[in-house]
Amino acid sequence: MFHELSQSITALSFIDIFNICVFLTFTCCYTYQLFYVFVTLTRRPPKHEARRNHKFAVMVAARNERAVIGDLIRSIKAQDYPQDLIDIFVIADNCTDDTAAVAREAGATVFTRFNSEQVGKGYALDYGLKAIWQEFPNAGHEAFFVFDADNVLDRHYFTEMNKTFDAGAKASTSYRNSKNFDSNWISAGYGVWFLREAKFLNQARLTLNTSCAVSGTGFFIASDVLEAAGGWKWHLLTEDIEFSASSIADGMRIEYCPTAVLYDEQPTTFRDSWNQRFRWAKGFYQVFAHYAWSLVKGIFTNERGHKFACYDMLMTIAPGMLLSIISIVFNAAIVILSVTGVMSTGVAVASSVSSIVFCLFNYYMFMAVFGILTTFVEWNNIRATTGRKIASMFTFPFFMLTYIPIALVALVKKATWKPIAHTISVDISDFHEAKETADNRVVG
């Protein structure tokens, strides 16, 4: 009897210590993001004014995007920035439709690419970049913008990004909004996530003069950076995060322009969402495996202003979700072993069950707070009905909880690129907002 009691106490102590260690690890690693919220709500980010206009190239890697590619090009053509300073290039990548013809008709220079071995956006961008250098060697492009085919731009987008480039930025991301937030809870979940990233991560980083990260679309990279790299050399599943991690580890600062507004189409089916986020999760694991050590070294060896940027980027790519998964699996195993009679630790079972509930509840509440805060702060910028905005506050945490099985499957299953259909064509004039509204996005 005493021996069994002693075993129960020992098991309970081990379980409690394990769960406390997981909780403390999370707290120590990610508490700084709460400080980001405080910075965003209490301080204004710096503003820039351009001394001159610069020459830019736009690259769009498009695969079977005939339904939306014309909207993007027309939104670029409608910019209040001098059109002779923007060259639009579309890489029609392994297309089986008339994306190339639609893009040419809209006014873009099109390169067609067919390659069944090197599949992915990174390879398409490298192909397009080298084709531009070869066919337009004297074009004088000072920076290259990257967009997805389903994007549309606010009419001031290039004017605002030019200010950031003129101030000396070697790379910069922009404010990413959703053009179909109102479709359903899935698109709303994406919308809240990207608004939260723009407002409470990148804006705080800009204000604190540390480095941001590019995220999929809506960014530029200076020509000299790409020339030094010999092209687009980042080919992992998440080429955007790979570029960010590689650049920050090398000491380069990525800027953010909160007044340059881009609208992005989000998936509306759970299957498409699963496929996309599964690729992202796998890509983050790849980036962590390739760049974690470089970022760790950068925390101690980079110039002072970039040490924290290395830490921030390391936390961004670190598989933090795995800590939650490990905790849940560990405690679930204790419960199963006890129920099947392998272990006779009733008190430990109660502790494990409570730990699982605590872990899931904490994650839900953390995401709920961010969902509510983001929705309220960005209320006027969200293109959705009042009902959808309110509903998104409650559905966003559930959307984020679905990352748990995705992250788990990504550990063991190989990821391949799967197309996400984009079908929402929009009237560009609906997205041309007044300049004053764009400026108000950076307030509190």
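For the structure itself, look to the data block above.
Okay, so let's go over this structure. This is a predicted model, so every value here is computed, not measured.

1. Considering the overall build of the chain
For the chain, the count of helices and strands is 16 helices and eight strands. Within the chain, the proportion of its 444 residues that are buried is 56%. For the chain, contacts bridging at least 24 residues in sequence account for 82% of all contacts bridging at least 6. If you sum the accessible surface of the chain, you get close to 19,200 Å²; carbon and sulfur atoms cover 61% of it.

2. Digging into the pattern of salt bridges
Any two side chains of opposite charge can pair, given that their charged atoms come close. By the definition in use, this model includes 17 salt bridges. Taking the shortest distance from any N to any O, the salt bridge between R113 and D93 comes out at 2.6 Å. Residue R113 is found in strand β3 (residues 109–113), and its partner D93 is found in strand β2 (residues 86–93); the two are separated by 20 residues along the sequence. Considered together, R113 and D93 belong to a single accessibility category, that of buried residues. Between R388 and D182 there is a salt bridge; the shortest N-O distance is 3.7 Å. Of this pair, R388 sits in helix α14 (residues 386–401) while D182 sits in the loop between β6 (171–178) and α7 (185–207); the two residues are 206 residues apart in sequence, bridging distant segments of the chain. Salt bridges linked by common partners bring E49, E160 and K163 together as one network.

3. Looking at the pairing of strand β7 (residues 219–222)
Side chains F219 and I221 project from β7 onto one buried face, and the interleaved F220 and A222 project onto a second face that is buried too. Here strand β4 (residues 143–148) pairs with β7 via four bridges, running antiparallel. Residue pairing across strands places V146 opposite F219, the latter belonging to β7. Judged from the three bridges that link them, β6 and β7 form a sheet pairing that is antiparallel. Bridged to T173 within β7 is F219.

4. Describing helix α9 (residues 239–249)
Counting buried positions along α9 gives eleven out of eleven residues, so the element sits mostly inside the fold. Those residues of α9 that fall on the buried side of the exposure criterion are E239, D240, I241, E242, F243, S244, A245, S246, S247, I248 and A249. G251 sits one or two positions beyond α9 and adopts a positive phi of about 95°.

5. Overview of the environment of A222
Note on placement: A222 falls in strand β7. Overall, A222 belongs to the buried group, its relative accessible area being 2%. Taking C-alpha positions, A222 is 8.8 Å from H141, a pair spaced 81 residues apart along the chain. Residues contacting A222, with those up to four places away along its chain left out, are E142, A143, F165 and K170.

6. Structural notes on the side chain of T207
The topology assignment puts T207 in helix α7. Within polar-contact distance, the side chain of T207 engages the backbone oxygen of Q203 at 2.8 Å. Beyond its immediate chain neighbours, meaning those up to four positions away, T207 contacts V39, R43, R44, P45 and P46.

7. With respect to the packing of aromatic side chains
Under the definition given, this model contains 32 aromatic pairs. A ring pair is formed by F35 and F38, whose centres lie 6.3 Å apart and whose planes are at 25°; its orientation type is stacked. Here F38 and F35 lie together in helix α2 (residues 32–42), a separation of three residues that amounts to about one turn. Assessed through its relative accessible area of 45%, F35 is described here as partly exposed. Ring centres of F145 and F158 lie 4.7 Å apart, and the angle between their planes is 50°; on these two criteria the pair is classed as tilted. You can see F145 sitting in strand β4 and its partner F158 sitting in helix α6 (residues 157–166), a full 13 residues away along the chain. The two residues F145 and F158 agree in class, both being buried. An aromatic cluster is present here, built from F56, Y81, F145, F147, Y157, F158, F165 and F220 joined pairwise through their rings. Sitting above the plane of the F194 ring, R176 keeps its charged end 3.7 Å from the centroid. In this structure, R277 is placed above the aromatic ring of Y403, and the distance from its NZ or CZ to the ring centre is 4.7 Å.

8. Here we look at unusual backbone geometry
For N64, which is not a glycine, the phi torsion comes out positive at approximately 55°. Looking at the element boundaries, N64 is found in the loop between β1 (56–62) and α3 (69–77). For N64, a relative accessible area of 32% translates into the label partly exposed.

9. A word on the sheet that holds β2
Read across the open sheet, the eight strands follow the order β3-β2-β1-β4-β7-β6-β8-β5; overall the sheet is mixed. Every interior strand has two partners, whereas the edge strands, β3 and β5 (152–153), have only one. Looking at chain direction, β1 and β4 are connected through six bridges and run parallel. Directly across from V58, in β4, lies its bridge partner F145. The sheet strands contacting helix α4 (residues 99–106) are β1, β2 and β3, and the helix crosses β3 at an angle near 165°.

10. Quick look at α3
Along α3, seven of the nine residues are buried, which leaves the element largely enclosed by surrounding structure. Buried within α3 are the following residues: I69, G70, D71, L72, I73, S75 and I76. Looking at the packing, one finds that the buried side of α3 touches β1, β2, α4, β4, β5 and α6.

What counts, and where the lines are drawn
Residues numbered from 1 in each chain as written. Predicted model: local features only at pLDDT ≥ 70, side-chain atom pairs only at ≥ 80, totals over all residues. Heavy atoms only, no water. Helix = DSSP H or I, 4+ residues; strand = E, 2+ residues; numbered from the N terminus. Buried < 20%, exposed > 50% of the residue type's maximum accessible area, 1.4 Å probe, protein only. Contact = heavy atoms within 4.5 Å. Areas by Shrake-Rupley, 256 points an atom, 1.4 Å probe, with all protein chains shown as cover. Salt bridge = Lys/Arg side-chain N within 4 Å of Asp/Glu carboxyl O. Pairing = 2+ DSSP bridges. Polar contact = N/O pair within 3.5 Å; in protein donor to acceptor, adjacent residues only side chain to side chain. Phe/Tyr/Trp six-rings, centres within 6.5 Å; stacked < 30°, edge-to-face > 60°. Lys NZ or Arg CZ within 6 Å of the ring centre and 35° of its normal. Axes fitted to C-alpha atoms, helices over the stretch in contact; angles between N-to-C directions.

Everything listed is a geometric property; what it means functionally is a separate question.
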